[in-house]
Amino acid sequence: MAEQISIEIDGRTCEAAAGEMIIAVADREGIPIPRFCYHEKLSIAANCRMCLVEAEAGGRPFPKPVPACATPVAEGMKVQTRSAKALDAQRGTMEFLLINHPLDCPICDQGGECELQDVSMGYGEDVSRFSERKRVVKDEDLGPLIATDMTRCIHCTRCVRFGAEIAGVRELGATGRGEDMRIGTYVESAVAHELSGNVIDLCPVGALTSKPYRFTARAWELTSEEGIAPHDAVGSNLYLHIRGEQVMRVHPRDNEPVNETWISDRDRFSYEGLSSDTRLTEPLRKRADGTWEALDWQAALHLTADVLRGSDPDQIGWLMAPNATLEEAYLAQRLLRGLGGRHIDTRLRRQDFRGDRADPAVPWLGLPIAELERQQAVLVVGSDIRQEQPLLAHRLRKAVLDDAAVSFLNPYELALTHPARQLTAPPGRLSVRLAAVARALSASAEGAAGSLISGAQPAEAETRLAEELRAAGEQGRGLVLLGALAEADPDYTLLKELAYLVADAAGCRLGFLPVAANSVGAALAGAAPHLGPGAQALEAPGLDALAMITEPRQTYVLWGLSPELDLFDPSRAREALAGAAQVIGCSAFRTPDLEAACDILLPIAAFAETSGTFVNAEGRWQRFQGAVPPAGDARPGWKVLRVLGNILELDGFHYSSGKQVHDELAALCAQTRGGGAQVCDGGTQPDNARRGDYGLKQPLPAPDGLMRVGNVPIYAGDQTVRAAPALQHTPLAEPLALHLHPDTAAGLGLADGDAAEVAQGERHTVVPVVIDDAVAPGAARVPAAVPGSGVLGPAMGPIAVAKADASQLAATQMLGGQPA
Amino acid sequence: MVDHQDTVCFRTMRLRPKIRHTLKAYRSVGGYVQWERILREKPSPETLIEEIKLSALRGRGGAGFPTGLKWSFMPRNKPGQKYIVCNSDEGEPGTCKDRDIMRYNPHQLIEGMAIAGYCIGATVGYNYIRGEFYEPIDRFEEALLEAYQAGLLGKDLQGSGIDFDLYTHLGAGAYICGEETALLESLEGKKGQPRFKPPFPAQAGLYGKPTTINNTESLASVPVILEKGGQWFLEQGRPNNGGPKLFSVTGHVNKPCNVEVPLGTPFRDLLALAGGVSGGRRLKAVIPGGSSVPVVPGEVMMETDMDYDSIAKAGSMLGSGAVIIMAEGTCMVKVLANLAHFYAHESCGQCTPCREGTGWLERVLERILHGQGRPSDLDLLDNVAGRIGGRTICALGDAAAMPVQSFLKHYRHEFEHLIEHGTPLVEAA
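About the criteria used
Residues numbered from 1 in each chain as written. Chains lettered and ligands numbered in written order. Predicted model: local features only at pLDDT ≥ 70, side-chain atom pairs only at ≥ 80, totals over all residues. Heavy atoms only, no water. Helix = DSSP H or I, 4+ residues; strand = E, 2+ residues; numbered from the N terminus. Rg over C-alpha atoms; globule rule 2.2 N^0.38 Å. Buried < 20%, exposed > 50% of the residue type's maximum accessible area, 1.4 Å probe, protein only. Contact = heavy atoms within 4.5 Å. Areas by Shrake-Rupley, 256 points an atom, 1.4 Å probe, with all protein chains shown as cover. Lys, Arg positive; Asp, Glu negative; His and termini not counted. Charge placed at Lys NZ, Arg CZ, Asp CG, Glu CD. Buried area = accessible area lost by both parts, 1.4 Å probe. Salt bridge = Lys/Arg side-chain N within 4 Å of Asp/Glu carboxyl O. Polar contact = N/O pair within 3.5 Å; in protein donor to acceptor, adjacent residues only side chain to side chain. Nonpolar A, V, L, I, M, F, W, Y, C, P; charged D, E, K, R; others polar. UniProt positions renumbered as here; feature names shortened; annotations may be inferred. 1 Å grid on protein atoms, 1.4 Å probe; cavity = no way out; pocket = protein on both sides within 12 Å on 5 of 7 lines; lining within 4 Å. Points joined across faces, edges and corners; volume = space filled by probe spheres on them. Pairing = 2+ DSSP bridges. Phe/Tyr/Trp six-rings, centres within 6.5 Å; stacked < 30°, edge-to-face > 60°. Lys NZ or Arg CZ within 6 Å of the ring centre and 35° of its normal. Core = buried A, V, L, I, M, F, W, Y, C linked by side-chain atoms within 4.5 Å. Axes fitted to C-alpha atoms, helices over the stretch in contact; angles between N-to-C directions. Parallel < 35°, antiparallel > 145°, perpendicular 65-115°, else oblique.

**A few points about the overall build of chain A**
Moving on, step 1. On a plain count of helices and strands, chain A comes out with 26 helices and 36 strands.
Moving on, step 2. Relative to the compact-globule value of 28 Å for 820 residues, chain A shows a C-alpha radius of gyration of 28 Å, a close match.
Moving on, step 3. The C-alpha extent of chain A, read off along each of the three principal axes, is 85 × 65 × 60 Å.
Moving on, step 4. When each of the 820 residues of chain A is scored for burial, the buried share is 63%.
Moving on, step 5. Within chain A, contacts between residues separated by at least 24 positions form 72% of all contacts whose residues are at least 6 apart in sequence.
Moving on, step 6. Carbon and sulfur atoms form 50% of the exposed surface of chain A, whose accessible area is close to 29400 Å².
Moving on, step 7. Each charge class in chain A was averaged separately, 76 positive and 106 negative side chains, and the resulting centres sit 2 Å apart.

So, in structure tokens, the structure goes:
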């Protein structure tokens, strides 16, 4: 704790920590000091010279005005922010900033919310003394997200420092000297970082603005509603900026323990999906000839109720997107269980559910998000964390910058912006390498884990990783995390058991990276085959998400998902759905696979259109209100479920508000505390302790061929983001392709750019080959959830690869990814 | 001029031009004796630093900061890498002395850097040389090779356990990289932009490690100070202004030259060494320390001595010792426009007042020069210059502002005449 001292700003006595900058003290005291380059999350540049103030220390005035952002306070310092000398310095800087700035605010997208415009009101002159020619700067194309108007740039370098310090990629930099200094990308290239959109907020002027939003509204036409991001388990806090009934753009809402002041591009630009022409806007029934007939809600709900009532409850399979709200998840399982059904799940991209009995009831991060950056050693097992959880990746990067040792065990090496140890193995073999870490920690166990450990031979990497974890564990700052690539692994349960053994042996905590915005909430709500509401373990579990497909049901409810892109095995899902008597789709989007599979389509509200609650990775319950009305005739999902419950005459469906649903579940969770479901609003969070032994006898046999790695690329994970056009045009939006390690490719006789036929069982398609030495040898990375991937089988599983004729590739691509 | 036996940086000047830059020639004037003594005897660095302090050697790059004091700021016993960096980016208009040290006496710079490294605890040195200096770069590189081959640089030198490695780095033509922290940025491979201080380089310099940056002439003076003693060096000049100093006399003189003279030499003697004002004309004005310092009218200058304190009294600065002579008939508007262009071109662009203001000054002056001035321009120039000076991270802002303010102070009537009549009061000489 820094020494507390006392200084004086404008005659007011202020408490400060020694070494703090003047501007930080002034900000806390509410004393305004104008600034442009200063940003509390970025390093101090002190280059804009707007925050010059007059100061004296030890009774001696500084000879020159000093920058408040870069001048540390000292006991007894006296600061004048508005003395004649300070004001002259500030006005002088303002004049310099404005001489080359186009003073055409009415046609600037930033007009009305521009820091330069605001500050010029206080420090600028009415008439300029500058009568020379103004500077004009050529714009750069930074890609589909960020629009540039570089003539407006005031060279504060916030965007440059953001890249270097926060993103970890120097995508923007300054070239040229003096008046010719330019901010740009050196060589023209699109900005391709998952947090890049934050430079739009950082830019104090109209130089960097949002390309999708640009010139569609003025700041003063917008109202602002609070929201929670629906894409990952961070639950970033948002402001939704609304005009009329439309979300025009999304900004971050500061919440230091959650998203600090940042949001990912996915959270920022996915709102575009809300106005996509693929929205489902009215209830539909499929006619016998396969065409669609519009229904009114009354008829549609009765029809749906009839289907559910007429189905054998054990024949109903309810598949639900893990970003459905807590209220939807809770009501859905109540409705299904009220009818006598048991099969409901949100864990859609998983194949190995053997651990359900022994898993913690609510697998969660295991620690507050903010504590990630204070870890000393972290082992991440099976996560492309930058793509899965961009802001958690940012926290880990901060830990690394603070000298933490971070290691990854993945089917492919990640493109990281910080040093890290990366171990790779194909799916199904990750457990072997993890066992080597356990061995290095002298962990022992029975059964499958034990035999793997005793057979393991730790190499130097595993040994050093083990040492780091142990050393960090002794400090209480060690962590083992399991992510989405682990969750999809064929031997996920064994991976989990080994991860527990490693964490226990090293004295580290164990955490899960929940895949979606409400994965934790779904467990709490009981939208899982093995859990009831409050996450109570059930004696007689229902079928899990994969079993509902492999043991086909007669009736399906698909909630908020597209079966070919959101389920683990799209081909088997297609077959199961085709064979079902009735499929009810509740969705905000109308996608070809849904239309093919469903008999009834009910339009439900999308993100921003419904109230609800998401429980994030750290167990934080964040409730939000609907900000805009749902598209067309769509209705909030919880209301659809409420009415269905009433029509079906189920007890206790007479809710008057979503809040009431929330409160009922919160009360239940409070009751079941101790039953393992302690992750609760405001409550203390338990560790992720196992409830029992996994009891695996044998590891899965080593795959004898290639294993597919069906990772979910960053802009493919859910319906909304897939419908957001700008994101789909970024370099991060991956097309369907086969990524192979050079050695693997050589063994198959494949070269970069070749066409290859990839086959899983009888399902096959032709894709281009990308040689990529990040992929583990023996693995074939073919992303899931991207257009064209629906024709394939399990996201993680055996895959056959053969060279194909390039003309087949062209034919496949012409058919939009469908097999030729 | 300094007597042969009393020369410091030009110690090898009297030797044959073909060989005077070689190791052999340098050895013949007593070169590397001090470095080898240090390697042999390992005297305490503190006593060496005391000797430098006693000599009153002040930084020869322009700021005039006491070199010994600067060295004493280094946390020399702190573990970890430390660096000594020589600033040979000599870019101050009018200055060409460091170039000649590297051309004619490169080994003395090497010895000075090695000793400095020993004093501050640095085992690695960089000489950052202005990129346009083809011959000096070659000479310095040759000298480095010789010194390495002679076992004067490298690891465990002469069995002493002392390491010192020295590398050359070439600048790429930016004036601002002569500013010491911009030089460090450039040396690290980044865009040359001054850093905000604190932290000072002695705490966090090159690659974030404690670093001392000295001018070429300062470092090249060190071996002679140790050889002849700090007291001797001090006595060569004046109290608080120790030693002889190199002056580059340019402009309207008959014999532009680099000369080494004792600090405190009367300006009129220095002018005589340069052969007097060319064409027998009257002296109009002098910029006594490189283009960044205020101009001094000729008659004031003729009564001034060439040392830090005397020139300060005359209202200017000794700077780098670049003495720019302007004869009667020089159009001061044109001179200032030329200077303003230079600073606008060389501003790094990071601080708002300098980035925007230097270009503004240049444009207004160009306008005046082309007969499109307005009476209000002069107050505008003075005011704009005042809003740049003292408000930027580095001194380039001051350097751009000071000429404007001093020219307007001493020669305002020339500007007014040009604005009023559209033609200069005096034709450019």
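**Here we look at the interface of chain A and chain B**
Moving on, step 1. The partner chain B presents 33 residues to the 35 residues of chain A that form the contact.
Moving on, step 2. Across the interface of chain A and chain B, roughly 2900 Å² is buried in total on both sides, 52% from carbon and sulfur atoms.
Moving on, step 3. Counting the contacts that link chain A with chain B gives 7 salt bridges.
Moving on, step 4. Glu132 of chain A is paired through a salt bridge with Arg367 of chain B; the nearest N and O atoms lie 3.0 Å apart.
Moving on, step 5. Taken together, the links from chain A to chain B amount to 19 residue pairs in polar contact (both at pLDDT 80 or more).
Moving on, step 6. Every element with two or more residues in the side of chain A that touches chain B is listed here: α2 (84-99) and β8 (173-175) of chain A.
Moving on, step 7. Per-element accounting of the side of chain A that touches chain B gives the leading share, 9 residues, to α2 of chain A.
Moving on, step 8. A per-class count over the side of chain A that touches chain B returns 15 nonpolar, 9 polar and 11 charged.

**Some remarks on the UniProt feature "domain: 4Fe-4S His(Cys)3-ligated-type" (unreviewed entry) in chain A**
Moving on, step 1. The feature "domain: 4Fe-4S His(Cys)3-ligated-type" (unreviewed entry), as given by UniProt, occupies residues 85-124 of chain A in the numbering adopted here.
Moving on, step 2. Its end C-alpha atoms 16 Å apart, residues 85-124 of chain A is made of 60% helix and 0% strand.

**Structural notes on the layout of surface pockets**
Moving on, step 1. The computed volume of the second largest pocket comes to approximately 1000 Å³.
Moving on, step 2. Lining of the second largest pocket is provided by 32 residues; of these, Ser43, Arg161 and Glu165 of chain A together with Glu185 and Gln193 of chain B occupy positions nearest its centre.
Moving on, step 3. Residue assignment for the lining of the second largest pocket shows that the elements contributing at least two residues are α4 (158-167) and β8 of chain A.
Moving on, step 4. Here the element with the most residues in the lining of the second largest pocket is α4 of chain A; it accounts for 4 residues.
Moving on, step 5. In terms of residue class, the lining of the second largest pocket is made up of 17 nonpolar, 8 polar and 7 charged.

**What about the pairing of strand β8 (residues 283-287) of chain B?**
All names here are of chain B.
Moving on, step 1. Most of β8 is tucked away, with 5 of its 5 residues classed as buried.
Moving on, step 2. Sheet topology note: the β8/strand β11 (residues 322-327) ladder contains 4 bridges and is antiparallel. Its bridge partner being in β11, Ile287 is matched across the sheet by Ile324.
Moving on, step 3. Here 2 bridges tie β8 to strand β9 (residues 296-297), and the two strands are oriented antiparallel to one another.

**A few points about the packing of aromatic side chains**
Moving on, step 1. Counted by the stated rule, this structure contains 16 aromatic pairs over all chains.
Moving on, step 2. Ring geometry for Phe342 of chain B and Tyr343 of chain B: centres 5.0 Å apart, planes at 85 degrees, overall edge-to-face.
Moving on, step 3. Feature note: the residues Tyr83, Tyr126, Tyr167 and Tyr207 of chain B constitute an aromatic cluster, connected by ring pairs.
Moving on, step 4. Of note, Arg253 of chain A hangs over the ring of Tyr239 of chain A, and the distance from its end group to the ring centre comes to 5.9 Å.
Moving on, step 5. Over the aromatic face of Tyr104 of chain B sits the side chain of Arg20 of chain B, whose NZ or CZ is 4.3 Å from the ring centroid.

**Some details on the UniProt feature "domain: 4Fe-4S Mo/W bis-MGD-type" (unreviewed entry) in chain A**
Moving on, step 1. Per the UniProt annotation, the sites labelled "domain: 4Fe-4S Mo/W bis-MGD-type" (unreviewed entry) are residues 222-278 of chain A.
Moving on, step 2. Taken end to end, residues 222-278 of chain A has its terminal C-alpha atoms 25 Å apart, with 9% of it in helix and 35% in strand.

**So, the nonpolar core**
Moving on, step 1. Of all hydrophobic cores here, the largest spans 163 residues; its most connected members are Trp318 and Leu319 of chain A.
Moving on, step 2. Look past the residues within four positions of Trp318 of chain A in its chain and what remains in contact with it is Ala332, Leu335, Leu336, His343, Ile344, Asp345, Met548, Val557, Trp559 and Leu641 of chain A.
Moving on, step 3. Of all hydrophobic cores here, the second largest spans 58 residues; its members include Tyr83, Ala182, Val384 and Ile419 of chain B.

**Quick word on the sheet that holds strand β1 (residues 83-88) of chain B**
Residue and element names in this part refer to chain B.
Moving on, step 1. Spatial strand order, β3-β2-β1-β4: 4 strands in an open sheet with parallel pairing. For this open sheet the edge positions go to β3 (165-170) and β4 (211-215), each flanked by a neighbour on one side alone. The average undirected angle you get between the axes of adjacent strands in this sheet is 20 degrees.
Moving on, step 2. Where β1 lies against strand β2 (residues 124-129), 6 bridges are found, and the strand directions are parallel.

**Overview of the packing of helix α11 (residues 430-440) of chain A against helix α12 (residues 447-454) of chain A**
All names here are of chain A.
Moving on, step 1. Where α11 meets α12, the axes come as close as 8 Å, and the angle between the chain directions of the two elements is 75 degrees. Relative to α12, α11 is oriented roughly perpendicular. Judged by residue contacts, Ser431, Val432, Ala435, Ala438 and Arg439 of α11 engage Leu452, Ile453 and Ser454 from α12.

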